[in-house]
Amino acid sequence: MMLYERAKKTLPGGVNSPVRAFEPYPFFVECAQGSKLYDADGKKYLDYCMAYGAMLLGHANPEILDAVKAQLQKGTLYGTPTELEVQFAETISQVSPCMEMMRLVSTGTEATMHALRAARGYTNRKKIIKFDGCFHGSHDNVLVKAGSGAATFGTPNSLGIPQETTQNTIVLPYNDIEALENTFRAEGQNIAAVIVEPVMANVGLILPKTDYLQNLRKITQTYGTVLIFDEIITGFRLALGGAQEYFGVKPDMATLGKVLGGGFPLAAFGGKSEIMQNISPTGKVYQAGTFSGNPVSATAGMATLNYLSKNKPQLYPQLEKKASELKKFLLDQATSYQLPVQVYSIASLYQLFFTAQDITNYDDAKHSNQTMFSAYFHELLKQGVFIPPSQYETCFISTAHTEDDLKFTTNALDCALRAAAKTRTTP
Ligand SMILES: Cc1ncc(COP(=O)(O)O)c(C=O)c1O
């Protein structure tokens, strides 16, 4: 508490990203190891936030740390190209179906911002389509009806962004192919890009309907619009080749981040060479970054991709099995408490909504019971399990989560469901 009071004096809300704030106050982490976080008061938490999905291989993964330690001796930033960046880009290109060429950047926000600029530069069109509740970082063009912290704190349209800036951003409901077709019929020739989270993971977890992504691909192809998969969360999580591999849909461009950096700031945007050749200095779309391709981040990223490539045959099915087990447990227990819930999982992601209705878009998600979710979150925290504090986020499993961790989790989940049930108001 004292640390929180101190933090609030120099950091808005005491945090460096709004999603980290929750009532009454967030815990401050001292260190992390494997699947656990340890706070400044010496309390241990089993972590299902995993730095909002970035830590697929667990905290302080020894293989990543060893690689990084070796790199630190050689310098941390050069401002000139390295063979490492080339090797890293080649590896990404081999595993991510659409990434013929790319630029490495430092954050997902940068990646989506530049991907959209590249798409506009390539098509010479102004408009972009995003989907209600999808979150693509905190830059002006996409901070319109955005998910994640923007949804949690009721600021999906931020102050400080002039209406003129977002007038070329069209927002449509996710999973609604008819709405998309109608928009394209009306103004398809003006639409530079469609940007989408192939699986929505910033308003809880929402899966694409059968053939939705395939249809998205077809329509964008018909109109010469650049399809951008924002794979900042799904990349390397759904499969080594992300949602592109999982669903067998190849977009024109993709953005990658989180897992890609192995716990260090790193992201990438890229796609068809024909589009990426327009980036400066070969083309007239400007993009730059002092820290882009940082050798420490690239080293951590390379170690991550090597580990994933080596272990993917067993690693992905094991992670998916764990998420399915938690989903089944939640559904069974909720049924026994006569609690109306929806639980969704895919690969190593899962999330629960307190509602009787199927969730297919952000509007549906908004109708889930937030009071119950808050009781569920706080009881989990009390039990020593940390999930993202908001209904509008997703839980993440890592390779460091053991069978014992899962057993511990199911006990805590049971208490949390009972706590949620207690908040039920009798009609
Ligand atoms: C799908 C998606 N895109 C983009 C971003 C922005 O990434 P960053 O926080 O690294 O800027 C996020 C962050 O949560 C995200 O989930």
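In this text, all values refer to a predicted model and were calculated from it rather than measured experimentally.

About the thresholds
- Per chain, residues are indexed from 1 in the order of the written sequence.
- Given that the model is predicted, a residue must reach a pLDDT of at least 70 before its local features are reported, and side-chain atom pairs must reach 80 or more before they are shown or counted; all residues, however, enter totals for whole chains, interfaces and linings.
- Calculation of side-chain values draws on the structure's entire complement of heavy atoms; hydrogens and water are dropped beforehand.
- Buried Ala, Val, Leu, Ile, Met, Phe, Trp, Tyr and Cys residues that are joined via side-chain atoms within 4.5 Å together make up what is termed a nonpolar core.
- For each residue, the accessible area found with a 1.4 Å probe, counting protein chains only, is set against the maximum for its type, and the residue is called buried under 20%, exposed over 50%, and partly exposed in between.
- Note on conventions: DSSP H or I runs of at least 4 residues are helices, E runs of at least 2 residues are strands, and numbering of each starts at the N terminus.
- Boundary definitions for the domains trace back to an automatic or database domain assignment.
- Whether two residues touch is decided by their heavy atoms; if any such pair falls within 4.5 Å, the residues are in contact.
- Stacked, tilted and edge-to-face are the three classes applied to pairs of Phe, Tyr and Trp rings, where Trp contributes its six-membered ring and a pair requires centres within 6.5 Å; stacked means planes under 30 degrees apart, edge-to-face means over 60, and tilted covers the rest.
- The criterion is that NZ of a Lys, or CZ of an Arg, lies within 6 Å of the ring centre and within 35 degrees of the ring normal, and then a charge sits over that ring.
- One speaks of a salt bridge when a side-chain nitrogen belonging to Lys or Arg is within 4 Å of a carboxyl oxygen belonging to Asp or Glu.
- For this description, a residue counts as near a given molecule or strand if any of its non-hydrogen atoms is within 4 Å of it.
- We define a polar contact as two N or O atoms separated by no more than 3.5 Å, with the added condition that, inside protein, one atom must be a possible hydrogen donor and the other a possible acceptor, whereas residues neighbouring each other in sequence contribute only through side-chain atom pairs.
- Summed over both partners, the accessible surface that disappears when two parts come together, traced with a 1.4 Å probe, is what is meant by buried area.

Attention now goes to the nonpolar core. Judged by nonpolar contacts, the single largest core of 67 residues is most densely connected at Tyr48, Phe236, Leu308, Phe354 and Tyr376. If one sorts the elements of this core by residue count, helix 11 (residues 295–336) sits on top with 14 residues. Mapped onto the domain boundaries, this core takes at least three residues apiece from domain 1 (2–60 + 314–422) and domain 2 (62–307). Ignoring any residue separated from it by four or fewer positions in sequence, one finds Leu308 in contact with Leu56, Leu57, Phe236, Leu240, Val259, Leu315 and Tyr316.

What follows deals with the packing of aromatic side chains. Per the stated rule, a full pass over the model turns up 16 aromatic pairs. Arranged with centres 4.9 Å apart and planes meeting at 80 degrees, the rings of Phe27 and Phe386 form a pair that is edge-to-face. Of this pair, Phe27 sits in the loop between helix 1 (2–10) and strand 1 (29–33) while Phe386 is found in strand 13 (residues 385–386), placing the two residues 359 residues apart along the sequence. Using a relative accessible area of 17% as the deciding quantity, one classes Phe27 as buried. Plain terms: the ring middles of Tyr174 and Tyr212 are 5.1 Å apart, the flat faces sit at 70 degrees to each other, and that makes the pair edge-to-face. Of this pair, Tyr174 sits in the loop between strand 6 (169–172) and helix 7 (177–187) while Tyr212 is found in helix 8 (residues 212–222), placing the two residues 38 residues apart along the sequence. Both residues of the pair, Tyr174 and Tyr212, belong to the buried class. An aromatic cluster of three or more residues is present, and its members are Phe22, Phe27, Tyr45, Phe377 and Phe386. Sitting over the ring of Tyr362, Lys366 keeps its end group 4.5 Å from the ring centre.

With that settled, consider the environment of Val341. Residue position: Val341 is located in the loop between helix 11 and strand 11 (342–346). Placed 231 residues apart in sequence, Val341 and Glu110 show a C-alpha to C-alpha distance of 36 Å.

Let us now look at the pattern of salt bridges. Throughout the structure, instances matching the rule amount to ten salt bridges. Of the charged contacts in the structure, one is a salt bridge between Glu325 and Lys321, with a shortest N-O distance of 3.1 Å. Linking Glu325 with Lys321, this pair stays in helix 11, spanning four residues, or about one helical turn. Put simply, Arg217, Asp252 and Lys272 are held in one network by salt bridges that share partners.

Attention now moves to the site of the ligand. Close to the ligand lie Thr107, Gly108, Thr109, Phe135, His136, Gly137, Glu197, Asn202, Asp230, Ile232, Ile233 and Lys258, which account for all nearby residues. Gly108 is positioned with one of its backbone polar atoms (N or O) 2.8 Å from an oxygen atom of the ligand. Taking Asp230, its side chain carries an N or O atom lying 2.6 Å from a nitrogen atom of the ligand.

Per the domain assignment, the segments making up the chain are domain 1 (2–60 + 314–422) and domain 2 (62–307). The C-alpha-based centres of domain 1 and domain 2 are spaced at 25 Å. With 34 residues of domain 1 at the interface, the matching set in domain 2 holds 34 residues. Buried area between domain 1 and domain 2, summed over both chains or domains, comes out near 2,900 Å², and the portion from carbon and sulfur atoms is 66%. Per-residue buried area on domain 1 facing domain 2 is highest for Tyr316, Ile346 and Tyr362; these three make up 22% of the total on that side. Where domain 1 touches domain 2, the interface holds zero salt bridges. Counting the contacts that link domain 1 with domain 2 gives eleven residue pairs in polar contact (both at pLDDT 80 or more). For the side of domain 1 that touches domain 2, the elements supplying multiple residues, two or more each, are helix 11, strand 11, strand 12 (349–353) and helix 12 (362–366). Ranked by the residues each element gives to the side of domain 1 that touches domain 2, the list is headed by strand 12, at four residues.

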